[in-house]
Amino acid sequence: MEPGTQVWCHQTGGDDPWILSEVVSRTPAALSLKFLSGDDAESSLNEDGTKMEMGEKKYEGVELANPPLSEAELREGMDNDMISLPHLHEPAILHAVSERYFRGEIYTWTGPVLIAVNPFQRLPLYTKEILESYRHEGLLRSQNLLDANKLLGPHVYSVADRSYRQMMSEQRKSQSILISGESGAGKTETTKIVMLYLTTLGSNDGGSATEGGEKLSIMERVLQSNPILEAFGNAKTLRNDNSSRFGKFIELGFNRAGILQGAKVQTYLLEKVRLGFHASGERNYHIFYQLLRGANEEQHHKYCFHDGITGGLELANFFHYTGQGGAPQLREFTDEDGLKYTLKSMRSMGWSEEKIDNVLSIIAGILHLGQVKFESKMSEGGQEIAQLAEEKTVADAAKLLGVDLQKLITALTVRIMVTRGEEIRIDLTPDKAADARDALSKTIYGAMFLWVVKEVNNSIKWENDKDIRSSAGVLDIFGFESFAVNSFEQLCINFTNEALQQQFNKFIFKLEQEEYERESINWAFISFPDNQDCLDTIQARPKGILPMLDDECKLGQRGSDKNWAKRLNETYLPEKNQTISDNSRFSATAIQKAKGIFCIRHFAGNVQYTAETGFLEKNRDEIPLTAKSLFEEDSSDLIKEIYDVQLEQSEEGSDKGPSKSKTVSQQFKAQLQSLIEMIETTDPHYIRCLKPNDAAKPKLLTRKRLTEQLRYGGVLEAVRVARMGYPVRLDHAGFFKRYRMLLPSVPEEKLTWSMEDEEPQKLCVKFLRQPEPMDFPKTDVQLGKTKVFMRKGPHDLLESHRVFHQNASSTLIQSWMKGMQQRRRYLIMGDAALTVERWYRGCMGRARWWRLREAQASRLLTNNFRMQVVRIKYNRARTGTISLQAQFRGRATRRMRALTKIQAYRRMYLCKTAYCNMKSATIALQCCVRRGIAKKEFNEIKRAQKDMGKLKEHNEKLKMEMASLKAMLQAQAATDAGKAESEKAIKEKEKEVKQLESRVSQLERELANEKELVQKLEKDLDEQKENNRRTMQDLQYQKELVARSPQVSENARKHARAQSAGQSIPAEPVAEAVVVGHTITPEALAMHRAEVARLEAQLEEERKMRHAASREINVLRSALEGKGEYDGTASTKFISDTLSEVSGSEIDRSDVPVPSDVEPAMRYVHPVSCCLIRCLRSFWFTKRKWTCLVLLLQCRKKPQPALGDEVSRRWSYVYDLLSINFKLIRMVNICMLTPSYLALQCLHFRRLVFLFILGAMVFFVGVVVVLRRHRAAQKAMESLLALDVSHAPLVPIFVDSLDLTRFLPLLLEVISFISL
């Protein structure tokens, strides 16, 4: 090790076990190093830390470093296989793996072993394109067509492809791929990738099927089996979210054509202790959390998962078996998606829905079983025994598990022992009962796991063994484990790795032997390590550790962990103060013996085991008698089937007697022996998975943890095996190029420098025949056919000479280069100094100017800021003052308005009461007076009817009127000249009327809208009053007291007398009220009401203008009719307009008959009708009630409420009865409303009289029938209704046969009734 040589220096106690260093100086007594990484300090090793090796001093803890590779060499993949490195040792492997990891290259070859580093992130290394590229390379390799310069890099696909191609070679030998590593290293994912590649190569493209229809293909079923096994056998640990808590060997069977036929799964050592306890931050098996978090509402009800009993906790945190570690979520996937994926895989395996439901019921039953609590009570003998704290939980568990409730309670609280054929029942304490509960749960879950594996095998296994030509097995086994406290599980795991390492050593030795024979190297003197003594220490009978554990278990209650540890110490350490056994594999100090601790030196290092951690109980793993009775009797079919699977594995048959129960170690040794035998019959391939850090973060590598895994995984052991022979192997060309520089004095003619046109092997022969330093014994350096094999001593010597020559040459080159650099640096620094001075002066001036500017800006900013602060305070105070004043004034104003409104309502009520009393008295007095006047007029009419002389006078007057009518007709003919002017004036007036009508309709619409708004405001005001109801209760209560008191009536009478006398009475005092809140003010409502009144007044004015125009049109038409022929339509319109003015509404003229329709019937009029017309017309001008009757008959609606409810009801009934002759009754109205001077001058007066007589008869007779039920009136009504007045011939018969003298008394009676 010459000065300047780079080496690796071992560091104890640090995070980095190996530090890259450079040799500063070397003396025979010490070696000085300078750290190139880590702490920048020097270290020295003295002579005590050295040893001699092949004439060279070997310093312990120091290894030569490999020269760094160039970019071209990295692109060519020179570091793909670490066997090709010049120096092959622990720091070299660690450095190469870490460098490739940070470059994203997670796979590295170490001879036959593939190292896979978990990247903790998704890398694009498993696409279909990459898979096809490795498949294509494997196909070319199998046909010897592969170009050696175009090899793909190391990959798990390469291992799988090699195993498949070797299986399909002529030997047809089965293959096995052994995948190992600690938890979190990526064993499970690597297993999936290998299986995907093998099933892809062995898939039959034409035989695949879809999930929706036919059965899935073998490839898909094999791949779908993984999620089921992971759900029941994987759990979250502190190191891994999806850690396999069992080992498995998956054997894929292929036929002669290389097509996959099926698979078989063999499992090893399920960690059942996790079911009862797991540490904080960890989880139980995935299936529990998938069921709790992924179940729907129906499944929650079915499996008794009631959220109401959790006290606000999540179900996963509530249950004892799932909440011990906090039930954390997984980072890669959710439990809800996991349940869907698991159920999908179960269905793809062909499981029925009933079977799936039964499996989930058992899982839920185990969860409920973990919730069983026990209380302490005293037995009759005074001993503490356990009793159930809550029986409902046990009932739910028994229901879901499908077992008998009472037997389950017995299994939890009672232990049964059989001694000499006699059964003894022992009541358990609460602690023992809890242990029995956990033991029963572990037994059920372990049996369930074995049953699941069996069902998976039934779904994916091949049908006929004869079809299987060869197989490829994938072993996913747990790696070497060494914790602070190691128990039975760690012993079994490390025993497995020890056995696999022994097989691996044999395999490496075999490969070394093949290579030495291929290179014609003498290797008879080489010895390889063997760890058979460690295996014998663990398993050999009768003094092996596991056999002695089985013997201790056979002692029953007398056996204990302490006694077993004592027997081990007596066996392996018989001498006093002996701490290490004779084979150096077993050791224990005096303190460790006292604590029951012993150590075993494995291939990966020393591991100490604590005996008193339940070795015996875990090894027995017995099914209690109470549990056997529980499973065998009164249990469901699935429980019995699961129990049978458990018995098949835990018992061994015997021809001489009944079957015996096997311990866990016996089962495990049998499985391991079967596994080793099967591996030895196959060609093994090795994959070592490494975990770069414990935080599961990408791009983070802890070198100390990686070194431990390299040691535990057997990688360094494989290197050690390789170093026992010739660890350094260089090809001829590389060897000559690397070390030709060591002989600079040898001339070119004797030993050339160039390799052109030379054979590398011959050059190496000449090179090795040179004197020192190339003179080595044959046992140290041998020349093979293609490589030079060297031991480590000669190689280190050559490397030290090479470093010396390199240092001497580099020193000369460096001295010349440094001088040139210094001269150039001086010139550059002089120019730079001037530039820096100029720049500095400029910066100082700019800085001073900038400080002045900042000072000015700060003053301005401070002034503005202070101004804004004062302004904000002022505005805030002003706003608060205004808001306070507004609230106070608004409250005072609302209070005053409320008081004013209450007083106004009170005064209005008093005035209204007095007005109503006055109105009632006035109406009563008017009725009395009018009744007397009517009686007098009626008596006068009766007397006048008896006077026949007056009747003649009336006839004479009628004749005179008829003569005047004729004269008028004659005068009309003379006035035809002014008819045209009258018609023009009429048209103009009609146009004006139309405009007025449009204006009236517009005002009516505006009035309707305003009324709607007023109604809405009144409604809002009513709601406001309702909100103030509580405040008005006192006032209302005072009003009611006043209304009930006798003083009220007296006050009302006084008020009425005073009001009639014209005196004013002061209003009574009203209690003050406070109105709270305001929505609609009375001023706004009054404003809208004023608008309504204004619109009504304007509408009334427009109507009056229209009526005035209509009257002018009627006057013009009357003048026109006086000059010409009478127009019946105009007369009818005039009458209708008159009625409209009286009633205040428009009248429908559609039912008024045209005068021409009744012209034939108007020729027959009785003389007595004239007298009747006068009587009725006189009655019209004296009685207002007749107007109401006419209005009732004009509108086709029910009578208005102005007539009174009872009267309206009677008139409505009369109106409905007389609707058959409504046209005639309409003509009666026209006649009665026509003024006498107009009726006497009408040309068709006789026609109208006839219609009047006929309508009046029907009307008055109907009134008598309805109101008085007069029999004579009923007969007359029937005779009238039987006539058909639409035909002219019937009219004379009617007039001649009708005796009006008999009918007139009846009419007079009706008139007198109406007047009342």
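Further up the page is the structure itself.
Residues numbered from 1 in each chain as written. Predicted model: local features only at pLDDT ≥ 70, side-chain atom pairs only at ≥ 80, totals over all residues. Heavy atoms only, no water.

Draft legend 1. Up close: the pairing of strand 15 (residues 374-378). Alignment of strand 15 against strand 16 (residues 384-388), held across 5 bridges, turns out to be antiparallel. The residue of strand 16 that forms the bridge with S376 is A386. Between strand 15 and strand 16, which pair antiparallel and follow one another directly, the connecting turn spans 5 residues, one of which, G382, has a positive phi of 85°. (Pairing = 2+ DSSP bridges. Helix = DSSP H or I, 4+ residues; strand = E, 2+ residues; numbered from the N terminus.)

Draft legend 2. Main features of the packing of aromatic side chains. Summed over all chains, the structure comprises 20 aromatic pairs. Seen in terms of ring centroids, F246 and F449 are 5.0 Å apart; in terms of plane orientation they differ by 70°. Their pairing is edge-to-face. Taken as a pair, F246 in the loop between strand 12 (243-244) and strand 13 (247-254) and F449 in helix 16 (residues 430-460) lie far apart in primary sequence, 203 residues in all. On the accessibility criterion, F246 (2% relative accessible area) is buried. Between W564 and F615, the ring centres sit 5.0 Å apart and the planes meet at 35°, which makes this aromatic pair tilted. Of this pair, W564 sits in helix 20 (residues 561-572) while F615 sits in helix 22 (residues 615-620), and the two are 51 residues apart along the sequence. A single burial state applies to W564 and to F615, both of which are buried. The side chain of R283 reaches across the aromatic face of Y289, ending 4.1 Å from its centre. Between the NZ or CZ atom of R688 and the centre of the ring of F504, over which it lies, the distance is 5.4 Å. (Phe/Tyr/Trp six-rings, centres within 6.5 Å; stacked < 30°, edge-to-face > 60°. Buried < 20%, exposed > 50% of the residue type's maximum accessible area, 1.4 Å probe, protein only. Lys NZ or Arg CZ within 6 Å of the ring centre and 35° of its normal.)

Draft legend 3. Looking closely at the nonpolar core. Ranked by size, the top nonpolar core spans 108 residues in total, and within it F232, F288, L408, L440, Y445 and I687 carry the most contacts. Grouped together as the second largest cluster of nonpolar side chains are 51 residues, Y268, L475, L535 and F598 included. (Core = buried A, V, L, I, M, F, W, Y, C linked by side-chain atoms within 4.5 Å.)

Draft legend 4. Region of interest: the packing of helix 28 (residues 732-739) against helix 29 (residues 760-768). Viewed as axis vectors pointing N to C, helix 28 and helix 29 meet at an angle of 45°, and their least axial separation amounts to 8 Å. Classified by the interaxial angle, the pair formed by helix 28 and helix 29 is oblique. As helix 28 packs across helix 29, the resulting crossing turns out to be left-handed. Counted together, H732, A733, F735, F736 and Y739 of helix 28 and P760, Q761, L763, C764, F767 and L768 of helix 29 form the full contact between these two elements. The residue inventory of the contact of helix 28 with helix 29, partitioned by class, reads 9 nonpolar, 2 polar and no charged. (Axes fitted to C-alpha atoms, helices over the stretch in contact; angles between N-to-C directions. Parallel < 35°, antiparallel > 145°, perpendicular 65-115°, else oblique. Left-handed = near helix turned anticlockwise from the far one by under 90°. Contact = heavy atoms within 4.5 Å. Nonpolar A, V, L, I, M, F, W, Y, C, P; charged D, E, K, R; others polar.)

Draft legend 5. Structural context of the sheet that holds strand 21 (residues 597-602). Read across the sheet, 3 strands follow the order 20-21-22 without closing on themselves; strand pairing throughout is antiparallel. Both edges of this open sheet fall to strand 20 (586-587) and strand 22 (605-610), since each of them pairs with a single strand only.

Draft legend 6. The arrangement of the sheet that holds strand 27 (residues 781-783) in detail. An order of 26-28-27 is seen for the 3 strands of this open sheet, with the pairing classed as antiparallel. Every interior strand has two partners, whereas the edge strands, strand 26 (728-731) and strand 27, have only one. The sheet shows a mean angle of 20° between the axes of neighbouring strands, direction not considered. As paired strands, strand 27 and strand 28 (residues 787-790) are joined by 3 bridges and run antiparallel to one another. Across the sheet, V781 pairs through a bridge with M790, a residue of strand 28. The sheet contacts of helix 29 involve strand 27 and strand 28, and relative to strand 27 the element is tilted by about 150°.

Draft legend 7. Fine view of the pattern of salt bridges. Taken as a whole and assessed by the stated rule, the structure comprises 33 salt bridges. With a shortest N-O distance of 3.0 Å, E105 and R100 are connected by a salt bridge. Overall, E105 belongs to the partly exposed group, its relative accessible area being 30%. Between R347 and E353 there is a salt bridge, with the nearest N and O atoms lying 2.6 Å from each other. A network of salt bridges, in which partner residues are shared, links E182, K691, D694, R705 and E708. (Salt bridge = Lys/Arg side-chain N within 4 Å of Asp/Glu carboxyl O.)

Draft legend 8. Broad picture of a negative patch on the surface. A cluster of like negative charges, contributed by E632, D637, E641, D644 and E648, occupies part of the molecular surface. Tallying contributions element by element places helix 24 (residues 637-650) first for the negative patch, with 4 residues. Considering the arrangement of structural elements, one finds E632 in helix 23 (residues 625-632). By relative accessible area, E632 is classed as partly exposed at 45%. (Patch = residues over 30% accessible without salt bridge, like charges linked within 9 Å, V, L, I, M, F, W, Y side chains within 5 Å. Areas by Shrake-Rupley, 256 points an atom, 1.4 Å probe, with all protein chains shown as cover. Lys, Arg positive; Asp, Glu negative; His and termini not counted. Charge placed at Lys NZ, Arg CZ, Asp CG, Glu CD.)

Purely geometric stuff here, so don't read any function into it on its own.
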